[in-house]
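# Geometric and topological summary
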Amino acid sequence: MAVFRRVFSALLCFCVFFCPLSVPAHALETSAASAVVMDAGSGRVIYGQNIHAERSIASITKLMTALVAVEHCGDPDELVTVDPQAVGTEGSSMYLAYGEELPLRHLLYGLLLRSGNDAAVAIAIHCAGDVETFAEWMNDKAAELGLQHSHFANPNGLEAEGHYSSAYDMALIARAVLEKPLLAEIVATKSITLGERYLENHNKLLRRYEGCIGLKTGYTQAAGRTLVSAAQRMGTTFIAVTLHDPNDWDDHAALLDYAFETYHSHLLARGGKTLATVAVEGSLARAVSVVTASEVRYPLSDDETPSVRIRLPACLKAPVKQGEVVGALVYSLNGEEIGRTDLIAAATAPLNAPAVLEGRMGRFPFPGADLFSATLPRWMGPLSRQSAFLTT
C-alpha cells in the first residue's frame, strides 16, 4: 500500500494540467497610494502596493453598507419609510423625501449606482434603528470577514474620525459582495429606472472594460479618488482596488489586463473523483475507495508549479461510513498552502460481522461456531472485494 501511494502521488503530480500564459515584460505601476488585485475565487493577491495601509475610503464604504443591509434587513422588497435624518444628507444623493415609501431594493440601487448618502442613512435607520448601531454592525461584519485594517463610523463614507480601511480589506469586502446574488446584480447594472427615478452607475468601467461586473466609486477631498472594480473572463474573476488614485480608470484597466494576461485559473483537482483504495481493518469489506470531496482551483502563472501532498492513512479501522472524511489532498506553492479538498470514503465498511455475532452470542454458542467464525471472512472475502470495486 505504501508503494502504491508513492507511485500514485508521483503520477498525480505529473497529471496536473497548466495552460500557457504570457507574462508582460513591463513593470506594473499605478498612480495610487494603495492598490491590490485579488483573485475572487481563491483570495490570492496577484498584485499589491501598500495593501494594508489604513486610509480614508469615501463612498466605497457603501459596499459594506449594502452587505450588512442584505444580511440584517431580510426581504429586499419590504417598504422603507424615509426618516427625516436621511433627507438632505450632504454629498451625492438620490434625493429622498421625508416620509417617502419605497422598497429596500430601490434604496440599494440608489446606494450603489447613484452613491446616495441619503440612501445609506435611510437604510441604516430602517435596519438598525439608528446610524450608530448600524455602524457597529458594520464593524461586527468586518471582524467576521477577518478585516484587520478597517473601522467604520458611518454607512456612507463621509469623513469621520475612526473611519478607514485598506486596499486589501476592501478587496475582501468586494469578494463578499459578489457572493450575494442581489448585490452582484446591482453593482453590475449600468443604469435602471425605478418608479420615476433614473439611476446611472458612476462606474465607467462597466462601459469601458471588457467583462467588468462592478463595483463602486468614491471620492472625498481627504480620500481622493477611490475605486473598487471587478472583471470576469472565462470563469475567472479578478478584483482591483485603488485608494487615493487620480488616474483610477486607466490604472484599473492596466491592473486587470495584467491579471488576465499573467494568471489563469487551473483546475488542480476534480470533485468526486476516485483517488485511491485504502485497506480496512476489521471489516468484511477489505478496502474502500477514497474520492475527492470538492474541486480545487487556483490562479497560476506559466512559471509556477504547485506541489501536492496526499494525507491518507495506510489502513482504516471499521466501521467506516460512506462520506466519512478519511484524509485530505493538499496543494502548496512556495511552501504555502494554496488549496485543499477532503478525501472521503466512497462506500460503507461495516464492522466485521463475526466479531459482532461473538459479542452478542458469546464465544462458541454452538458446536462448530468457532469454525464458522474463523472461516467466514475467507469465503466472503472475494465477494467483499468485488463489491468494493463495483462501488467506485
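Everything discussed here concerns the structure shown above.
The paragraphs below set out a description of the structure included in this document.

Parameters at a glance
Residues numbered from 1 in each chain as written. Predicted model: local features only at pLDDT ≥ 70, side-chain atom pairs only at ≥ 80, totals over all residues. Heavy atoms only, no water. Core = buried A, V, L, I, M, F, W, Y, C linked by side-chain atoms within 4.5 Å. Buried < 20%, exposed > 50% of the residue type's maximum accessible area, 1.4 Å probe, protein only. Disulfide = S-S within 2.5 Å. Helix = DSSP H or I, 4+ residues; strand = E, 2+ residues; numbered from the N terminus. Axes fitted to C-alpha atoms, helices over the stretch in contact; angles between N-to-C directions. Parallel < 35°, antiparallel > 145°, perpendicular 65-115°, else oblique. Left-handed = near helix turned anticlockwise from the far one by under 90°. Contact = heavy atoms within 4.5 Å. Nonpolar A, V, L, I, M, F, W, Y, C, P; charged D, E, K, R; others polar. Pairing = 2+ DSSP bridges. Salt bridge = Lys/Arg side-chain N within 4 Å of Asp/Glu carboxyl O. Phe/Tyr/Trp six-rings, centres within 6.5 Å; stacked < 30°, edge-to-face > 60°. Lys NZ or Arg CZ within 6 Å of the ring centre and 35° of its normal.

Okay, the nonpolar core next. Nonpolar side chains tend to gather and get buried jointly when the protein is soluble and globular. Counting 62 residues, the largest nonpolar core has Leu63, Met64, Leu107, Leu108, Leu112, Val228 and Val241 as its most contacted members. Ala269, Ala276, Leu300 and Leu343 belong to the second largest nonpolar core, which has 26 residues in total.

Cysteine pairs can be covalently joined through their sulfur atoms, and such a bond is termed a disulfide. According to the stated counting rule, one finds one disulfide in the structure shown. Bridging cysteine 73 to cysteine 127, the disulfide has an S-S length of 1.4 Å. Of the two residues, cysteine 73 sits in the loop between helix 2 (62–72) and strand 3 (79–81) while cysteine 127 sits in helix 4 (residues 117–128), which places them 54 residues apart along the sequence. The pair cysteine 73 / cysteine 127 is uniform in exposure class, with both members buried.

This next bit is on the packing of helix 3 (residues 104–112) against helix 4. It is at 8 Å that the axes of helix 3 and helix 4 come closest, and there the two elements cross at 140 degrees. On the basis of the axis angle, helix 3 is oblique to helix 4. Crossing of helix 3 against helix 4: the hand is left-handed. On helix 4, the residues that touch Leu104, Leu107, Leu108, Gly110 and Leu111 of helix 3 are Ala119, Ala120, Ala122 and Ile123. By residue class, the composition of the contact of helix 3 with helix 4 is eight nonpolar, one polar and no charged.

Time to look at the pairing of strand 17 (residues 336–345). As defined by bridge partners, strand 12 (residues 287–292) adjoins strand 17 across three bridges and the pair is classed as antiparallel. Bridge pairing in strand 17 links valine 290 to alanine 345. With eight bridges joining them, strand 16 (residues 325–333) and strand 17 adopt antiparallel strand pairing. Along strand 17, the bridge assignment pairs valine 325 with isoleucine 344.

Strand order in the open sheet made by the five strands is 2-1-9-8-7, with antiparallel pairing throughout. Since the sheet does not close on itself, it has two edges, and those belong to strand 2 (45–49) and strand 7 (212–220), each with one partner. The mean angle between the axes of side-by-side strands here comes to 5 degrees, regardless of whether they run parallel or antiparallel. One ladder, built from four bridges, connects strand 1 (residues 34–39) with strand 2; its direction is antiparallel. Its bridge partner being in strand 2, valine 37 is matched across the sheet by tyrosine 47. Contacting strand 1, strand 2, strand 7, strand 8 (224–233) and strand 9 (236–243), helix 9 (residues 248–262) crosses the sheet at an angle of about 30 degrees to strand 8.

What follows deals with the environment of leucine 275. For leucine 275, the position within the fold is in strand 11 (residues 274–281). For leucine 275 and serine 289, which are 14 residues apart along the polypeptide, the C-alpha to C-alpha distance reads 7.5 Å.

A few words on the sheet that holds strand 17. Reading across from one edge, 14-16-17-12-11-15 is the order of the six strands in this open sheet, with mixed pairing throughout. With partners counted over all chains shown, the strands left at the sheet margins are strand 14 (307–311) and strand 15 (315–317), one partner each. Neighbouring strand axes in the sheet, compared pairwise and without regard to direction, differ in orientation by 35 degrees on average. The sheet contact formed by strand 11 and strand 12 spans five bridges and is antiparallel. Bridging from a neighbouring strand, alanine 276 pairs with valine 290 of strand 12.

Bringing the pattern of salt bridges into the picture now. Applying the stated rule across the entire model yields 10 salt bridges. We note a salt bridge from lysine 141 to glutamate 71, for which the minimum N-O separation is 3.0 Å. Of the two residues, lysine 141 is situated in helix 5 (residues 131–144) and glutamate 71 in helix 2; the sequence distance between them amounts to 70 residues. Look at glutamate 71 and you get partly exposed, because its relative accessible area is 34%. Arginine 340 is the partner of glutamate 337 in a salt bridge, and the nearest nitrogen-oxygen pair spans 2.8 Å. By relative accessible area, glutamate 337 is classed as partly exposed at 44%. One salt-bridge network, held together by shared partners, links Glu71, Lys141, Glu144 and Lys180.

All right, on to the packing of helix 2 against helix 5 then. Close contact between helix 2 and helix 5 brings their axes to 10 Å; oriented N to C, the two are set at 95 degrees. It follows that helix 2 is roughly perpendicular to helix 5 by the angle criterion. Of the residues in helix 5, those touching helix 2 at Met64, Thr65, Leu67, Val68, Ala69, Glu71 and His72 are Phe134, Trp137, Met138, Lys141 and Ala142. In terms of residue class, the contact of helix 2 with helix 5 is made up of eight nonpolar, two polar and two charged.

Let's shift gears to helix 3. Burial analysis of helix 3 places seven of its nine residues in the buried class, which makes it a mostly covered element. Those residues of helix 3 lying buried are Leu104, Leu107, Leu108, Tyr109, Gly110, Leu111 and Leu112.

Before going further, it helps to spend a moment on the packing of aromatic side chains. Summed over all chains, the structure comprises three aromatic pairs. With centroids separated by 6.2 Å and ring planes inclined at 50 degrees, the aromatic side chains of phenylalanine 134 and tryptophan 137 adopt a geometry described as tilted. With phenylalanine 134 and tryptophan 137 both in helix 5 and three residues apart, this pair spans about one turn of that helix. The pair formed by phenylalanine 134 and tryptophan 137 is uniform in burial state, with each residue classed as buried. Centre to centre, the rings of tyrosine 258 and tyrosine 263 are 6.4 Å apart; their planes meet at 70 degrees, and the pair counts as edge-to-face. Pair check on accessibility: tyrosine 258 and tyrosine 263 agree, each one buried. Stacked on the ring of phenylalanine 260, the Lys or Arg arginine 233 has its end atom at 4.7 Å from the ring centre.

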